[in-house]
Amino acid sequence: MTTKTKMTKATKRLNFGLRWNLLLLLLPLFNGIHTERIDANDEEVDRFCYPAKHRNSRLSCECSNVSAAPWGMRALHIDCSYKDFKSEDLTELLPLYIDTLDLSWNALNRAPAFSSDSLRQLNLMHNNISSISANNFGHLSSLRELFLGWNSIQQLDRQAFAGLPHLMVLNLAHNNLHSLPTQIFAPLLVLATLELSWNRQLNHSIDQDIYSSYGINRKLNTLHLDACNLNDLQLPKSAPLKELSLRRNLLQRVPRQLPISLQRLDISENRLEQLQPEDTRSLAEVQQLYVEDMPLLNAINAHALSGLQLVESISFQNSRSLNYIDPDAFVTESGNLTLPPLHSLIFRGTLVRSFNASLSPVFGQLTELDLNGVPLNCDCQLVWLKDLAIQTNGRCLRPARVRGMLISSVRRDEFSCEMWPRWVYGLIILGLIGLCAAGVYLIVMGLRPHRGVTMRRKVGAGSPYARVTIEPNRQENVH
């Protein structure tokens, strides 16, 4: 190693040492500045969390300091739930560094117009808010999540959500919304989750294309429209929607125009009577399908599940009228068996009594098959279900000798089929009874005497058939 190289390395070490020492000298100065800013905000925090008139009472909010990601900066979480606050009890200017504010379960009759540059989550659920005015949240430029569910909101101004360019989650569920102003969601440029469930009269304003009517951006991932009394719904096929929930509506068919990118679909508690191939034709990328608590669904027809090419889990739980699944449910109309990456299939609480052996390739790849509460007929057609490597918790209802037993506990030789249907045995028994009755009748008729035969008996003095003369008691006539 040359002298020049050694001097270069020594110089680098010296420069690194000087920089490190300089950093150590400046660090207390920065800490002092940061501490001073925090201390200057303490009075503001106390004024909001512990107001003078509510100090040391149950009406004081719970405030906690945490280190927010990613740099560990100070963040303030304020919990004012269950305090019976009214809107006039709150100050509009929020403390510095506030990150979340929970005002749920209070008595707010209007949404407070707060002002903060750091608030990221605002919870106003379970209050008495009836309307949202224009620019109500316009001074919360950093807000990411807004929860307005479980109120009595009937009216929204067209500019109700103006000034919220970073809002990603909006919850308006369980309100009394009858209509939505046009382009109401247009200011929400990055909205990812929209919850409109349980607005029962909202079906009057939801038209064929809610994206263009209400200004929904193309970044929306999750849309919930449960219990909105919808008869039909059409969404743009090109919309990058990932999750759609349509529970408890009035749908008689699965909406035919849905986003191609849909991965999770919930159509439970609707009025479908049969699941048909056209119901799943546009669901090629769906990975989770929920068809639960269907009061009228009674059958899964042939080819009905063949369109689910990427499905991983399907649930028919508590569809109590479901009693039949076609052997070709997973077979395409061209006759090819589709084997999606299905690993979970739930029939808990249904009335499906048997599964055809043609379903064994699909059932064989499952890691979960839930047959709890299913009244199974454990005959020779169901013996293949015993060979599955997973526990199904399915129990036998028939025949009577194995009633209540788990399929895994029933011996293979007990999965037997009767040669004839039960009604044939009934006819045979009735026939035997009829033959016996006819035989008894013929025997009785054969033992009876012929009509031309007259019974002649000799009647003498000693015969029991002789004439009997009854004489009066002689003692009665004393003369």
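The rules behind the values
- Starting from 1, residues in each chain are numbered consecutively following that chain's sequence as written.
- Under the rules for a predicted model, residues below a pLDDT of 70 receive no local features and side-chain atom pairs below 80 are neither given nor counted, while totals for whole chains, interfaces and linings still include all residues.
- Values reported for side chains reflect all heavy atoms of the structure, with hydrogen atoms and water molecules removed beforehand.
- The way it works is a 1 Å grid over only the protein atoms, where trapped points that fit a 1.4 Å probe form a cavity and open points with protein on both sides within 12 Å along at least five of seven lines form a pocket, and then any residue with an atom within 4 Å of a point lines it.
- Grid points are joined across faces, edges and corners, and a volume is the space filled by probe spheres set on the points.
- Residues are sorted three ways: Asp, Glu, Lys and Arg are charged, Ala, Val, Leu, Ile, Met, Phe, Trp, Tyr, Cys and Pro are nonpolar, and all the rest, Gly among them, are polar.
- Within 6.5 Å between ring centres, the rings of Phe, Tyr and Trp (the latter by its six-membered ring) count as paired, and their orientation is classed by plane angle as stacked under 30 degrees, edge-to-face over 60, tilted in between.
- A run of H or I in DSSP becomes a helix once it reaches four residues, and a run of E becomes a strand once it reaches two; helices and strands are each numbered from the N terminus.
- Exposure is judged per residue with a 1.4 Å probe applied to protein chains only, and the accessible area is read against the type maximum: over 50% gives exposed, under 20% gives buried, and values in between give partly exposed.
- Note on contacts: a residue pair qualifies if any of its non-hydrogen atoms lie within 4.5 Å across the two residues.
- Any Lys or Arg side-chain nitrogen located within 4 Å of an Asp or Glu carboxyl oxygen qualifies as a salt bridge.
- In this analysis, a patch consists of residues with relative accessible area above 30% that form no salt bridge, clustered at 9 Å for like charges and at 5 Å for the nonpolar side chains Val, Leu, Ile, Met, Phe, Trp and Tyr.
- The Shrake-Rupley method, run with a 1.4 Å probe sphere, supplies the accessible areas, and residue values consider only the shown protein chains as cover.
- Counting rule for disulfides: a pair of cysteine sulfur atoms within 2.5 Å.
- As a per-residue quantity, pLDDT reports the predictor's confidence and falls between 0 and 100.
- The term nonpolar core refers to a set of buried residues drawn from Ala, Val, Leu, Ile, Met, Phe, Trp, Tyr and Cys, joined through side-chain atoms within 4.5 Å.
- In protein, a polar contact means a hydrogen-donor-capable atom and an acceptor-capable atom, both N or O and within 3.5 Å, with residues adjacent in sequence counting only if both atoms are side-chain atoms; elsewhere, any N or O pair within 3.5 Å suffices.

A few words on empty space enclosed by the protein. Counting across every chain of the model gives 1 cavity of 30 Å³ or more. Quantified by volume, the largest cavity comes out at close to 40 Å³. Forming the boundary of the largest cavity are Leu180, Leu194, Leu196, Ile206, Ile210, Tyr214, Ile216 and Leu223. Looking at the lining of the largest cavity residue by residue, the classes come out as 8 nonpolar, no polar and no charged.

When we look at a pair of aromatic rings, we describe it by the centre distance and by the angle of the planes. For the coordinates displayed, the defined rule picks out 6 aromatic pairs. Where Tyr82 meets Trp105, the ring centres are 5.5 Å apart and the plane angle is 10°; that geometry is what we call stacked. Residue Tyr82 is located in the loop between β2 (73-79) and β3 (98-102), and its partner Trp105 is located in the loop between β3 and β4 (121-123); the two are separated by 23 residues in the primary sequence. Residue classification places Tyr82 among the partly exposed residues on the basis of a relative accessible area of 48%. When its relative accessible area of 40% is taken as the criterion, Trp105 is described as partly exposed. Three or more aromatic residues joined by ring pairs form one cluster here, namely Phe316, Phe347, Phe355, Phe363 and Trp384.

This next bit is on the side chain of Ser87. Within the element layout of this structure, Ser87 appears in the loop between β2 and β3. Given the relative accessible area of 4%, Ser87 is considered buried. Once you skip the residues sitting within four places of it in the chain, Ser87 turns out to touch Leu108, Asn109 and Arg110.

On to the environment of Asp232, then. Along the chain, the position of Asp232 falls in the loop between β10 (222-224) and β11 (243-245). A residue is classified by how much of its surface remains accessible, and Asp232, at 41% relative accessible area, is partly exposed. Placed 22 residues apart in sequence, Asp232 and Val254 show a C-alpha to C-alpha distance of 8.3 Å. Residues in contact with Asp232, not counting those within four places in the same chain, are Leu251 and Pro255.

Let's shift gears to the pattern of salt bridges. This model, assessed by the stated rule, comprises 13 salt bridges. Among the ionic pairs, Asp99 bridges to Arg120, the shortest N-O distance being 3.7 Å. A residue pair is termed long-range when its members are at least 10 positions apart, and Asp99 in strand β3 and Arg120 in the loop between β3 and β4 qualify at 21 residues. Residue classification places Asp99 among the buried residues on the basis of a relative accessible area of 15%. Measuring nitrogen to oxygen at the nearest pair gives 3.7 Å for the salt bridge that ties Arg247 to Glu292. With Arg247 in the loop between β11 and β12 (264-266) and Glu292 in the loop between β14 (288-290) and β15 (299-300), this pair connects stretches of sequence that are 45 residues apart.

Let's shift gears to a nonpolar patch on the surface. Where nonpolar side chains cluster on the molecular surface, the patch consists of Leu427, Ile429, Leu430 and Ile433 and spans about 420 Å² of accessible area. Take Leu430: it is sitting in helix α4 (residues 422-447).

A few words on the state of the cysteines. Evaluation of the coordinates by the stated rule reveals 3 disulfides. One disulfide bridge connects Cys378 with Cys396, the sulfur atoms lying 1.8 Å from each other. The S-S bond linking Cys378 to Cys396 shows a torsion near -95°; that makes this disulfide left-handed. Of this pair, Cys378 sits in the loop between β20 (375-377) and β21 (395-398) while Cys396 sits in strand β21; the two residues are 18 residues apart in sequence, bridging distant segments of the chain. Each member of the pair Cys378 and Cys396 is classed as buried.

Attention now goes to the confidence of the model for the protein chain. Interpretation of this model should avoid reading the predicted coordinates in detail wherever pLDDT is low. On average, residues of the protein chain carry a pLDDT of 85, and 80% of them reach 70 or more. Low pLDDT, under 50, characterises residues 3-7; the predicted model gives this stretch 1 contact beyond four residues in sequence or across chains. Taken together, the stretch residues 22-40 has pLDDT below 50 and engages in 3 contacts with residues farther than four places along the chain or on a different chain.

This part takes up the nonpolar core. Soluble, globular proteins show a tendency: their nonpolar side chains are buried together. If you look at the biggest cluster of nonpolar residues, it comprises 107 residues, and the most contacted ones within it are Leu101, Phe137, Phe161, Phe185, Phe347, Phe355 and Phe363. Of all the secondary structure elements, the ones that give two or more residues to this core are α1 (3-49), β2, β3, α2 (210-214) and α3 (360-363). Setting aside residues up to four positions removed in sequence, Leu101 forms contacts with Phe48, Ile78, Cys80, Leu94, Phe114, Leu119, Gln121, Leu122 and Asn123.

The topology assignment puts Ser116 in the loop between β3 and β4. Looking at Ser116, its side chain comes within polar contact range of the main-chain nitrogen of Ser118, at 3.2 Å. What Ser116 contacts, discounting residues up to four positions off in sequence, is Leu94, Ile98, His139, Leu140 and Ser141.

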